[in-house]
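Notes for the structure review
What follows is the residue order along each chain.
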Amino acid sequence: MDPSESSPSDRKEEEQPAASLPLPAAFLEFLGDNGLDPMLYSASDTIPRYIRLKPGVESRMVSEIESELKCELWKVPWLPNFYAIPPEVQIAGSKAYQQGKIYGIDAASGAAILALDVQPGDHVLDLCAAPGAKLCMLADMLGNTGSLTGVDVAKHRLAACRTMLQKYSLGDRSRLFVANGTFFSILPSNSSLGSIEESTGIKDNGSIFSEWTSKRSWKERQKSKKAKAAGSPHPPSTSEPELIYYGKDSGLVGVRKCDVLCPSADVDACTSGYDKVLVDAECTHDGSIKHIQKFEFWGWETMDRRVLDAQRIDNLLHLQLRLLINGFRLLKTGGSLVYSTCSLTVAQNEDVIRQFLLKYPSAELQSVDGADSWPCRSGSIQKTLRFDPGTSQTSGLFVAKLIKLPS
Ligand SMILES: C[S@@+](CC[C@H](N)C(=O)[O-])C[C@H]1O[C@@H](n2cnc3c(N)ncnc32)[C@H](O)[C@@H]1O
């Protein structure tokens, strides 16, 4: 997602006024190396902000929200429930936002979710879920059916997911949970695996899932106290994924943790994997003008460390391929996967897809239904899509859809 999308942790920066961007030399060099035009960033004041209205409240809420935000809501014709508003309008102070009737999500992010073509009853995995705007949209599309698993490696960012899901009252939908760590397979509810215990390293200490509560356990509070005292803002993450249970009908309450969490095995994933997988991979975020704008407040000098460090970019390219491989492994045969990043570079998009396709002959690129009428262009590999501020009036986003063929 566009990292500027509404999440409690990001909101402070999001409220800062927009400004034209004096790009630093190191970033200009990065753009030059990747064949990207710095003029893209001059559009920062004209790209609209996008909001999504909770389905069901749409028609009666529009005029109410318009008078609250003191601006017109422009319906995005190709994307249900999405509206464009002027970029300078802030939504966080509005009642509609606070009551969970709207949230900020870029139109290109909405397109990535539509590309996944989620159907009621699907079991869906969102592999890089935080802060969670796409997770919310996925939950909306599933309604009370199927299951949704959100995974993210950063525990503190999962707190933002948790808050978003609660706020939009999506948390009580069936089988909605958030996990931490990608080295585990989190079995969808159609899994036919019997006892996991013999095949896993997870000790069955008998612990079971109970109904989720926002209150942190005594153990967790102690851990974070210790981490704070040691100068670390976040407690160290545990190796066991964190699962958060939201509703009585999730089917998880009373189930042993060791029966749900298990180290992933390729064979199991093929027969009982997810119907749909989203890999919205960690990237340099260079396609998000709003994200790049934030460096004005963070300090341009932090960009070297956070974005441009060569070692970091190398690691990132490796991580992106690994995330894609991991997502594909957890996809069932016949299922589809969407790989997206908000970077505009070929290295983080087409090159990752090319390397992946060479390694996995059972993966095939698919055209995205309906994309002909979207304001985007083709990537340099056929069937992939690219959104960018100039073409789409959205944040930059690369979208590739893959299906898993029988091997
Ligand atoms: C582009 S953001 C995802 C945005 C999210 N899909 C949304 O729409 O709100 C990428 C996320 O990947 C997470 N991440 C980085 N490395 C990861 C890993 N090894 N496994 C899972 N998530 C990872 C980051 O913590 C970050 O939250």
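What you see is a predicted model, and the numbers here were worked out from it, not measured in a lab.

Okay, the nonpolar core next. Membership of the largest hydrophobic core comes to 78 residues, with the highest contact counts inside it found for Ala 111, Cys 136, Leu 138, Val 277, Val 279, Tyr 339 and Val 399. Ignoring anything within four residues of it in the chain, the contact list for Tyr 339 reads Val 279, Ala 281, Leu 324, Ile 353, Ala 400 and Leu 402. Counting seven residues, the second-largest nonpolar core is a separate cluster that includes Leu 40, Tyr 41, Ile 289 and Leu 344.

Before going further, it helps to spend a moment on the pairing of strand 15 (residues 397-404). By the criterion of burial, strand 15 is predominantly enclosed, with seven of the eight residues buried. Two strands pair when backbone bridges link them, and strand 11 (residues 331-341) and strand 15 are joined in this way by six bridges, in the antiparallel orientation. Its bridge partner lying in strand 15, Leu 337 is registered against Leu 402. As paired strands, strand 12 (residues 363-366) and strand 15 are joined by four bridges and run antiparallel to one another. Pairing of Gln 366 across the sheet is with Lys 401, part of strand 15. As paired elements, strand 14 (residues 385-387) and strand 15 share three bridges and run antiparallel to each other. Counterpart to Arg 386 in the pairing with strand 15 is Phe 398.

Within this numbering scheme, the UniProt entry marks Cys 342 as carrying the feature "active site" (unreviewed entry). As for its position among the elements, Cys 342 is in the loop between strand 11 and helix 15 (350-359). Look at Cys 342 and you get buried, because 28 C-beta atoms sit within 10 Å.

Let's shift gears to the UniProt feature "binding site: S-adenosyl-L-methionine" (unreviewed entry) in the protein. In the numbering adopted here, UniProt assigns the feature "binding site: S-adenosyl-L-methionine" (unreviewed entry) to Asp 152 and Asp 280. The largest pairwise C-alpha distance within this set of annotated residues, which runs over 129 residues, is 10.6 Å, so the set is compact in three dimensions. Looking at where Asp 152 falls in the secondary structure, it is placed in strand 6 (residues 147-152). In this structure, Asp 280 sits in strand 10 (residues 274-280).

Cut-offs used in this document
Residues numbered from 1 in each chain as written. Predicted model: local features only at pLDDT ≥ 70, side-chain atom pairs only at ≥ 80, totals over all residues. Core = buried A, V, L, I, M, F, W, Y, C linked by C-beta atoms within 7 Å. Buried ≥ 20, exposed ≤ 12 C-beta atoms within 10 Å, placed from the backbone. Contact = placed C-beta atoms within 7 Å. Helix = DSSP H or I, 4+ residues; strand = E, 2+ residues; numbered from the N terminus. Pairing = 2+ DSSP bridges. UniProt positions renumbered as here; feature names shortened; annotations may be inferred.

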